[in-house]
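So the chains spell out like this:
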Amino acid sequence: VQKSYSANFPGEFGGGVINLTTKSTPREAFFNISGGIGWDTETTNQLGYTYYGSDTDWTGFDDGTRDIPAGLASALASGKPVLVGADFTQDQLEKIAVELVNAETTLLQQNNNIPVNWSFGFSGGKTWPIADGEIGIIATANISNKWRTRDALQQTSLDRDLAGPPQTSFQRVITDNRVVVNGLLGIGLELGDHQFRWTNLYIRDTLKQARLALGKDQNNADRDIMVQDTAWYERQLINTQLVAELDFDAIQIDLRGGYANSQREAPYERSFTYVKTNLPLAQDPVGNKFVNDLGGNRGSASIAFSDLNENLYSAGADVSYELAPRITATVGYAYSDTERTSVRRAFVFRSANLPIAVQQLRPDFLLSDVTIQAFDIALLETSAQDGTAAFGAALTTHAGYAQVQAEVVSGVNVNVGVRYEDAKQTVNPIDLFRTGGNAIAITNLSNDYWLPAVTLTWEAAPDMQLRVNGSKTIARPQFRELIAQIYQDPESNRQFRGNPSLTDSTLWNAEVRYEWYFDRDQRFTAAGFYKSIDNPIETFTSISTDSLANSSFANAPKATLWGAEIEVQKFFPLDTISDAPFFQSRRAVVIANYTYTQSKLKVGAGDVTIVNGQSLVASDFFFDGAPLTGQSDHLVNFQLGLEDQDVLSQQTLLFTYASPRVTSRGPSGQPDIREKPGLQIDFVARQGITLFGKELDLKFEARNLTGRKYQEVQEAGDNRVFLNRYQLGRSLSLSGSIKF
């Protein structure tokens, strides 16, 4: 972990960088099998909602149930919007709707006994000697299947001061079934002083989500609204990287090249809305029943298919040369090229005049092949209307850097360098329907930067040093922040849409850090830091006609951030307090970290921000002096534990506290939306035992012992609106691995 920027790292550098090097040549042959089970007090064996999906959902892979049917696939590839009159007849649209009859993804089911969490995996490795070196291999594969249910209160208010009851208020039960499958294959070769590594990584993260909500919206406070959603989000990463580290005494050469493919698919995102008017039966014969007329006013049904594909190619080379004793110069080059395609086709089911009896059918019967054909229910595309159906995005960077590491006088080291980084970033709407025009702005960022960095380190004593760092870095907008395409965030249960008019942020960083390593594995550090940020990217939420529907992103004019950090790690031998055998090899460990941060946005009277090509008044989005999103004033991590120095035996209490932080800017004039993480207490224990001559590593975890809740809230004086509030639940898990 490096918290201070140096020129050999990419220019996109904010709070630090984690440099990971995977093992590839194990010291000794091994084979491990691991497994575990877990329990959540809010989820396991409790009420939740789910849907069948496919036979293989438990693996994180669909068996074909969610494949796009042939008729719809042909329509999507036609280059025409799926609408009546756009080369499609009413009969054709009804036939496509019939193809989407899929009760496995439509029928929400109540489950009073949500299963336990479980995981299973194995890993192994071996090294073989060869002439002048050795070759090694490491492989691992794992699967985990976890459930989580949230009974969430979700509210929105249209009032500037949040006065009165919320205009929109829903109680929504959300059940997530998350399956993660991953594998790694690493091959390492050592020839003399030279090392070669080939690392291959596979991760598939699938979320099967079911939601059922009951509440009221702002259109008519007397009506009850019931909303049912089912979704399947599958994300996949395939990454391969080749690295060569060549050591020729005074010259070291590092070469690397990699390829990564990322995919996100969300087929059959379904949503159904039913309405109960609560009118007297004389005015509405079904006023006491939930109905869905598929007309939009008293109910609706929609479906969406999303597909994202991204390819990333990267390469780099570093050459270091020892100019003189304790003086090393390094030059390097890095290249990356990313291309992404994102397509989202959204549809609604429409019928002009459904009989009252049909309006009362449950979702899978409402959209059965019989009702579709009997009552002229057609599928109509909505993504064709606003030009957000498909986007292409690309980012190409070239970077060169040079730096010198030198001991200028005894005990004083300096690392000074500069990085030149050139980038071209584009996001373009894809004209699927060949209309020749689009209302969505185009992203075309072409920037180059000189990014200097200097670090001065004074070794005041063999175990003590003082480090001063100054640097300039950048932060580019991510593709998800740029693409003006709606996507559902399954964590916050809110919809997001990118802003193609975002620009790069520029950061000026300064840090002073004192480090005292007063004993083996023990330390005390203290640091102060300051950042000045031009055009920071902030999340904001806007009010639609019926709710706080969409969140997006915008550049604030400026911001500053400063603070301090203190960390200590100390061991206390226990053999001095008792002669009992239990204490002779054990010690207590205390690890504490406290970070205090103050951040402020700077918004002047004449400042503007650009959203989808429109120049808007910045003060309509940001309050001058407000903290940056995601930034807590106080962060505390405290660990108190026991550990055995001879065998594996650890017991640790962990205390984590974060003060309230902004998650999104509030709608114009309203207070910001804040998250209140609070205090969480966890207990973790590890114990090694020998079973039938084999080493067994057991791990027990008890999380959120105090049962804290999650709260995302807007507050104006005594007025309060909860955008998300639910119990997190206490969780227990037991896992183990056996070594052969």
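Located above this text is the structure these notes cover.
Residues numbered from 1 in each chain as written. Predicted model: local features only at pLDDT ≥ 70, side-chain atom pairs only at ≥ 80, totals over all residues. Heavy atoms only, no water.

## So, the overall build of the chain
Helix and strand counts for the chain stand at eight helices and 35 strands. In terms of overall dimensions, the chain is globule-like: its C-alpha atoms have a radius of gyration of 29 Å, near the 27 Å expected for 740 residues. The principal-axis extent of the C-alpha atoms belonging to the chain is close to 90 × 65 × 60 Å. Looking at the chain as a whole, 46% of its 740 residues qualify as buried. In the chain, once contacts between residues fewer than 6 apart in sequence are set aside, the share between residues at least 24 apart is 71%. On the chain, roughly 34,900 Å² of surface is accessible, and the fraction owed to carbon and sulfur atoms is 56%. With 65 positive and 85 negative side-chain charges, the chain shows a separation of 4 Å between the mean positions of the two kinds. (Helix = DSSP H or I, 4+ residues; strand = E, 2+ residues; numbered from the N terminus. Rg over C-alpha atoms; globule rule 2.2 N^0.38 Å. Buried < 20%, exposed > 50% of the residue type's maximum accessible area, 1.4 Å probe, protein only. Contact = heavy atoms within 4.5 Å. Areas by Shrake-Rupley, 256 points an atom, 1.4 Å probe, with all protein chains shown as cover. Lys, Arg positive; Asp, Glu negative; His and termini not counted. Charge placed at Lys NZ, Arg CZ, Asp CG, Glu CD.)

## Some points on the pairing of strand β5 (residues 133-156)
Inspection of the sheet shows strand β4 (residues 117-130) paired to β5 by 13 bridges, in the antiparallel sense. Each bridged residue has a counterpart across the sheet, and for F120 the counterpart in β5 is I143. Where β4 hands over to β5, the hairpin turn is made up of two residues, of which D132 adopts a positive phi near 65 degrees. Direction of pairing for β5 relative to strand β6 (residues 168-191): antiparallel, over a ladder of 24 bridges. Within β6, the residue paired with A141 across the bridge is G183. (Pairing = 2+ DSSP bridges.)

## Side note on the nonpolar core
Formed by 26 residues in total, the largest nonpolar core has its most connected members in L72, L100, I303, F347, F349 and L379. Aside from chain neighbours lying at most four places away, what touches F347 is L72, L76, V82, A301, S302, I303, F305, L379, L380, E381 and T382. Listed in part, the 16 residues of the second largest apolar core include F529, V611, F621 and F622. (Core = buried A, V, L, I, M, F, W, Y, C linked by side-chain atoms within 4.5 Å.)

## So, helix α2 (residues 90-99)
By the burial criterion, the buried members of α2 are L93, E94, I96 and A97. The buried residues of α2 occupy an angular sector of 160 degrees when projected down its axis, which confines them to one face. With respect to the buried face of α2, the exposed residues turned more than 90 degrees away are D91 and K95. Elements that come into contact with the buried residues of α2 comprise α1 (70-76), β11 (327-350), α6 (369-374) and β12 (378-381). (Arc of directions from axis to C-beta.)

## Focus on the sheet that holds strand β18 (residues 494-496)
Strand order in this open sheet of four strands is β17-β18-β22-β21, and the pairing throughout is mixed. Each of the sheet's edge strands pairs with one partner strand only, and the pair in question is β17 (487-489) and β21 (537-542). Each strand axis lies, on average, 40 degrees off the axis of its neighbour in the sheet, ignoring direction. Note: β18 against strand β22 (residues 550-555), two bridges, orientation parallel. The residue bridging F496 from the neighbouring strand is S551, located in β22. (Axes fitted to C-alpha atoms, helices over the stretch in contact; angles between N-to-C directions.)

## Describing the environment of W562
Along the chain, the position of W562 falls in strand β23 (residues 558-573). W562 sits 53 residues away from N509 along the chain, and the two C-alpha atoms are 9.7 Å apart. Apart from residues lying up to four places away in sequence, W562 is in contact with F529, Y530, Y596, T597 and Q598.

## A few points about unusual backbone geometry
Here the phi dihedral of Y268 falls at roughly 55 degrees; this positive angle occurs in a residue that is not glycine. Note that Y268 resides in strand β9 (residues 251-276). For N535, which is not glycine, the phi torsion reads 60 degrees and is therefore positive. Tracing the backbone through its elements, the reader meets N535 in the loop between β20 (522-534) and β21. Taking the relative accessible area as the measure of exposure, N535 reaches 29% and is therefore partly exposed.

## Some details on the pattern of salt bridges
As enumerated under the stated definition, the model contains 43 salt bridges in all. Among the salt bridges present, the one from E234 reaches R204, with a minimum N-O distance of 3.2 Å. Of the two residues, E234 is situated in strand β8 (residues 224-248) and R204 in strand β7 (residues 194-216); the sequence distance between them amounts to 30 residues. With a relative accessible area of 8%, R204 lands in the buried category. (Salt bridge = Lys/Arg side-chain N within 4 Å of Asp/Glu carboxyl O.)

## Regarding the side chain of N413
On the secondary structure map, N413 appears in strand β14 (residues 412-429). Since its relative accessible area comes to 16%, N413 is described here as buried. When near neighbours in sequence (up to four residues on either side) are disregarded, N413 contacts Q405, A406, E407, T455, L456, T457 and E459.

## Here's the deal with the packing of aromatic side chains
Think of a pair of aromatic rings as described by two things: how far the centres are apart, and how the planes are tilted against each other in angle. Per the counting criterion, the structure on display carries 18 aromatic pairs. Considering the side-chain rings of F621 and F622, the 6.1 Å spacing of their centres and the 40 degrees angle between planes classify their relative orientation as tilted. Comparing F621 with F622 shows no difference in burial state: the two are buried. Here a set of aromatic residues connected by ring pairs shows up, and it is made of F31, F122 and F740. Over the ring of W232 we find R66; its NZ or CZ atom is 3.8 Å from the centre of that ring. Its end group placed over the ring of F722, R725 keeps NZ or CZ at 4.4 Å from the ring centre. (Phe/Tyr/Trp six-rings, centres within 6.5 Å; stacked < 30°, edge-to-face > 60°. Lys NZ or Arg CZ within 6 Å of the ring centre and 35° of its normal.)

On their own, these measurements won't tell you what the molecule is for.
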